[in-house]
Amino acid sequence: MTSTLTGRKLTGPADTSTPTARRGIGVGWLFYLVVIFFALVYLFPFILQIGTSFKTDPDATAHSLNPLPTTWTLDAFRQLSQVDFPLWFTNSVVVTVCVTLGRVFFDSLAGYALARLHFRGRAAIGGAFIAIMAVPGVVLLIPKYLVLVQLGIYDTYFGMIIPLLADAAGIFIMRQFFVNIPVEVEEAARIDGASVFRTFWSVVLPMARPAVITLSILSFQGSWNELSHFIVSAQSPKLYTLTKGVATLSSGALGSGQQFPLKMAAALLMTIPVAIVFFIFQRQFVRGAGAGAVKG
Amino acid sequence: MSVDFGPSIEQNIGLAASLSKGPPNNRKGALTKGQGKAGWLFVAPSVVIILLFLILPVLASLWVSVSDWSGKGSPLSAHWVGLKNYDALLGKPSLSQKNMATSYRNIFYYVLLVVPLQTILALILALVLNRQRLRGKGFFRTTFYFPSVTSSVAISLVFLFLFQASGAINAILAWFGINGPNWFADPRGVLHLILGGLGVDLNNPPAWLTGHKFFSLTWWDWVAGPSIAMCSIIILAIWTTGGTFMLMFLAAMQDIPEDMMEAAKVDGATPWQAFMRVVVPALKPTFFLVITLGLIGTWQMFDQVFILSQGAPQGTTLTPAYLSYQASFKDGKWGQGAAISFILFAVIIVFSLVQRFVMRDKKTISRRHRIATWEKS
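Residues numbered from 1 in each chain as written. Chains lettered and ligands numbered in written order. Predicted model: local features only at pLDDT ≥ 70, side-chain atom pairs only at ≥ 80, totals over all residues.

**Q** Explain the overall build of chain B to me, please; I cannot follow it from the model alone.
**A** Within chain B, the regular secondary structure consists of 18 helices and 2 strands. Classification of the 377 residues of chain B by burial places 47% in the buried group. Considering only contacts within chain B whose residues lie at least 6 apart along the sequence, 72% involve residues at least 24 apart. (Helix = DSSP H or I, 4+ residues; strand = E, 2+ residues; numbered from the N terminus. Buried ≥ 20, exposed ≤ 12 C-beta atoms within 10 Å, placed from the backbone. Contact = placed C-beta atoms within 7 Å.)

Take a look at the structure:
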């Protein structure tokens with residue numbers, strides 16, 4: 001209901017914003033109004049979130065539209081430190097670091113092989129990887145659990161980390177980059193007697209730095225925000241990651257009341273690491289957007 | 001620019017073509033020596049992980065969906081029950097069937113609203129940012145894209161707060177004299193409400209609608225539309241993904257040659273005409289990509305339901321993905337859960353094929369062009 005309303009309201013002014021729009025003063029003014037409206041729609045929820053995490057419970061419920069607390073308090077953060085929040089945070093860091101390092105390494109290896117090495121079955125493997133990208137991840141929820149149990153790594157860090165270590169989309173990001181590096185560079189190294197791995201590790205990989213950064217960021221963001229895989233790969237509260245732990249907050253695991261400051265503080269803290277990386281590496285995020293979306 | 005994006009689905013065809021062509025420089029025989037072993041060693045870790053956690057699970061799950069496995073012991077020790085699990089869902093009327101029908105009704109309205117609206121929003125945001133003389137372009141781009149990199153858990157919690165009964169959204173609605181609903185707790189279907197507004201008695205709906213059933217769900221229930229609770233999730237989804245797809249449109253717009261726009265201007269095209277005749281056709285491949293990704297993503301919706309509603313209120317936010325999780329992990333009906341996920345798999349494939357067919361390229365030239373640009377990279 002509301003969404004169709006906004007949809008209609010917005011198409012009007014946006015028509016004037018095509019690249020050829022007349023640059024009259026009136027149009028320009030209207031145009032900025034539209035941009036600022038959207039910016040508010042996108043920013044205000046975050047502003048409200050930050051403000052609310054410093055509020056008291058009654059204040060948060062009574063003045064839900066006012067981002068400024070009547071009385072500032074750190075109660076929400078104090079409460080979080082008393083529940084398992086620090087543990088969840090540590091688990092998220094461990095899993096994210098392992099997944100990111102492993103994924104960058106394995107994806108680069110496979111990407112390099114698909115781009116440069118001549119071996120039988122290369123086309124078949126490449127084709128299989130493409131087909132795999134089309135499998136909807138959610139279909140794998142139950143089956144992944146089955147396999148993890150059979151392998152005896154259900155409810156362990158291994159079960160949470162290993163299945164995330166390779167992904168077809170990442171392999172293709174790397175492959176695409178390696179294809180663009182001039183072959184002559186490696187040939188020089190090979191003629192000098194370097195092994196295939198040595199050539200890859202010391203010559204080619206350093207040249208692929210932009211791609212490695214892009215992939216690291218995608219992996220970092222993907223595994224930090226991952227929820228469904230952790231739901232099916234572990235159950236012990238000791239292995240809760242931030243996403244899983246904070247998700248239990250929403251169903252009122254901490255007891256009665258709505259406790260919005262607590263929830264907003266939890267959401268805020270779990271967003272900060274991604275936000276920092278995002279602001280530092282914005283360009284790489286933009287670059288990886290397409291590939292990231294493929295994975296859903 | 002588009003080179004920087006990973007392999008998109010539309011490019012896969014081109015990629016497959018280039019892969020099957022074989023090694024690009026066979027001439028250097030001496031240097032390629034020993035690469036056979038190295039090649040396999042390099043791809044081995046990824047191949048093993050994908051085999052173990054993608055291929056094997058799918059096969060295991062296929063087996064479970066035709067077995068009576070109860071969640072205990074090895075699935076291999078379970079008994080073959082044929083298509084019983086599928087029959088319970090698709091065959092005779094039952095509670096399981098009703099739940100599945102409800103989840104499909106819900107996700108159907110969800111996809112129907114989210115995919116077009118998020119595409120339009122992404123396009124509008126991109127058009128706004130593509131304007132040449134916009135101050136603070138980087139700031140706005142960051143702002144619109146930021147929700148896309150944030151965790152679905154964090155975003156969902158924020159929306160839970162915004163859409164609570166006395167929350168910010170209802171406070172804003174109150175400015176306009178609207179008494180907002182209790183969003184996440186409201187099971188009323190939007191289409192039912194509209195019908196109610198048109199004079200249909202909601203407590204006593206027409207008998208020809210309540211009297212007929214389709215997959216255990218009355219026609220009246222099928223036409224309920226998304227519940228108000230589902231609408232909150234729909235708004236969340238549009239708001240979050242708008243930024244991701246905006247970037248794709250933006251990249252494609254920057255590839256539109258400036259002189260094409262100039263030519264349109266010289267020919268006296270209005271901005272609207274220029275938009276419809278130059279920009280939209282040039283963006284066709286991007287529309288295809290955005291809608292494909294949108295469809296695949298929306299059909300699988302799981303996280304938000306898990307975090308926000310667990311299917312409540314009255315099952316109106318139940319989705320097939322969540323139902324399959326619930327049937328297996330909560331109710332212990334593993335066979336049925338697996339069957340639900342395979343039915344979803346089939347539905348996603350069918351819809352992707354239909355969409356491919358509807359949006360197929362009538363001009364083969366542009367496909368060839370795409371392959372060419374891919375191979376150049």
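Having seen it, we continue.
**Q** Is there a simple way to explain the overall build of chain A in this structure?
**A** When you go through chain A residue by residue, the secondary structure sums to 16 helices and 0 strands. In chain A, which comprises 296 residues, the share counted as buried stands at 48%.

**Q** Whenever I open this one, the packing of helix α7 (residues 141-151) of chain A against helix α2 (residues 35-65) of chain B confuses me. Can you help?
**A** Relative placement of two packed helices is described by the angle separating their axes and the distance separating the axes. Between α7 of chain A and α2 of chain B, whose axes approach to 8 Å, the crossing angle comes to 100°. Classified by the interaxial angle, the pair formed by α7 of chain A and α2 of chain B is roughly perpendicular. Seen from α7 of chain A, the contacting residues are I142, P143, K144, L146 and V147 of chain A; seen from α2 of chain B, they are L52, F53, L56, P57, V58, A60, S61 and V64 of chain B. (Axes fitted to C-alpha atoms, helices over the stretch in contact; angles between N-to-C directions. Parallel < 35°, antiparallel > 145°, perpendicular 65-115°, else oblique.)

**Q** What is the right way to look at the confidence of the model for chain A in this model?
**A** Caution is warranted with low-pLDDT regions, since their predicted coordinates should not be read in detail. All names here are of chain A. Averaged over every residue, the pLDDT of chain A is 82; the share at 70 or more is 85%. This model gives residues 1-23 a pLDDT under 50, and the stretch forms 48 contacts once residues within four places in sequence are excluded. When the criterion is pLDDT under 50, residues 291-296 qualifies, and its contacts beyond four places in sequence or with other chains add up to 22 contacts. (pLDDT = per-residue confidence, 0-100.)

**Q** In this structure, what is going on with the packing of helix α5 (residues 137-149) of chain B against helix α11 (residues 228-254) of chain B? I would like to understand it.
**A** Residue and element names in this part refer to chain B. Direction vectors running N to C along α5 and α11 enclose 115°, while the axes themselves pass 7 Å from each other. Crossing hand, α5 versus α11: left-handed. In this structure, α5 contributes F144, Y145, F146, P147 and S148 to the contact, and α11 contributes W239, T240, T241, G242, G243, T244, M246 and L247. The residue makeup of the contact of α5 with α11, split by class, is 7 nonpolar, 6 polar and no charged. (Left-handed = near helix turned anticlockwise from the far one by under 90°. Nonpolar A, V, L, I, M, F, W, Y, C, P; charged D, E, K, R; others polar.)

**Q** Could you clarify how one ought to interpret the interface of chain A and chain B in this entry?
**A** Where interface size is given, it is often the accessible area lost as the parts come together that is meant. Contact residues are listed per partner, giving 101 residues for chain A and 110 residues for chain B. Tallied by class, residues from the side of chain A that touches chain B come to 63 nonpolar, 28 polar and 10 charged.

**Q** Explain unusual backbone geometry here, please?
**A** When glycine is set aside, most residues are seen to have a negative phi, and most peptide bonds are trans. Residues and elements named next belong to chain B. Note that the residue after A312, namely P313, is joined by a cis bond; omega there is -10°. Tracing the backbone shows P313 in the loop between α15 (303-309) and α16 (320-330). A positive phi angle is found at F215, which is not glycine, with a value near 50°. One non-glycine residue, Q310, lies in positive phi territory at about 50°. Given 15 C-beta atoms within 10 Å, Q310 falls into the partly exposed group.

**Q** Any chance you could explain the nonpolar core here in plain terms?
**A** Generally speaking, nonpolar side chains in soluble globular proteins are found buried as a group. Among the nonpolar cores identified, the biggest contains 178 residues, and L125, A126, I234, M246 and F249 of chain B are the most heavily contacted of them. Mapping this core onto the domain boundaries places at least three of its residues in each of domain 1 (25-73) and domain 2 (84-244 + 271-293) of chain A. (Core = buried A, V, L, I, M, F, W, Y, C linked by C-beta atoms within 7 Å. Domains from an automatic or database assignment.)

**Q** I'm lost on the domain arrangement of chain A in this one. Help?
**A** Taken domain by domain, chain A holds domain 1 (25-73) and domain 2 (84-244 + 271-293). A straight line from the C-alpha centre of domain 1 of chain A to that of domain 2 of chain A covers 36 Å.

**Q** I would appreciate a short explanation of helix α6 (residues 122-133) of chain A in the present structure.
**A** Side chains three or four residues apart in an α-helix point the same way, a direct result of the helix having 3.6 residues per turn. All names here are of chain A. Taking 1.5 Å per residue, 12 residues should reach 16 Å; α6 reaches 17 Å between its end C-alpha atoms and fits that length. Residues R122, I125, G126, F129 and I130 constitute the buried set of α6. When α6 is viewed along its axis, its buried side chains cluster within an angular range of 140° and face the same direction. Opposite its buried face, α6 presents the exposed residues A124 and A131, each directed more than 90 degrees away. (Expected span 1.5 Å × (residues − 1). Arc of directions from axis to C-beta.)

**Q** How should the environment of F230 of chain A be read in this particular structure?
**A** Residues and elements named next belong to chain A. You can see F230 is positioned in helix α13 (residues 228-233). Note: C-alpha distance between F230 and L80 (150 residues apart in sequence) is 21 Å. In this view, F230 contacts M160, T241, T243 and K244; residues no more than four positions away in its chain are not counted.

**Q** Please explain the environment of G111 of chain A as it appears in this structure.
**A** Residues and elements named next belong to chain A. Position of G111 among the secondary structure elements: in helix α5 (residues 85-116). Residue G111 is classed as buried on the basis of its C-beta count, with 27 C-beta atoms lying within 10 Å. Discounting residues that sit within four places of it in the chain, G111 has contacts with I171, M174, R175 and F178.

**Q** Explanation requested: the environment of G36 of chain B in the structure shown.
**A** Its place among the elements puts G36 of chain B in helix α2. Of the residues examined, G36 of chain B has 15 C-beta atoms within 10 Å and is grouped as partly exposed. Residues G36 of chain B and G167 of chain B, spaced 131 residues apart in sequence, show a C-alpha to C-alpha distance of 63 Å. Residues in contact with G36 of chain B, not counting those within four places in the same chain, are F119 and R120 of chain A.

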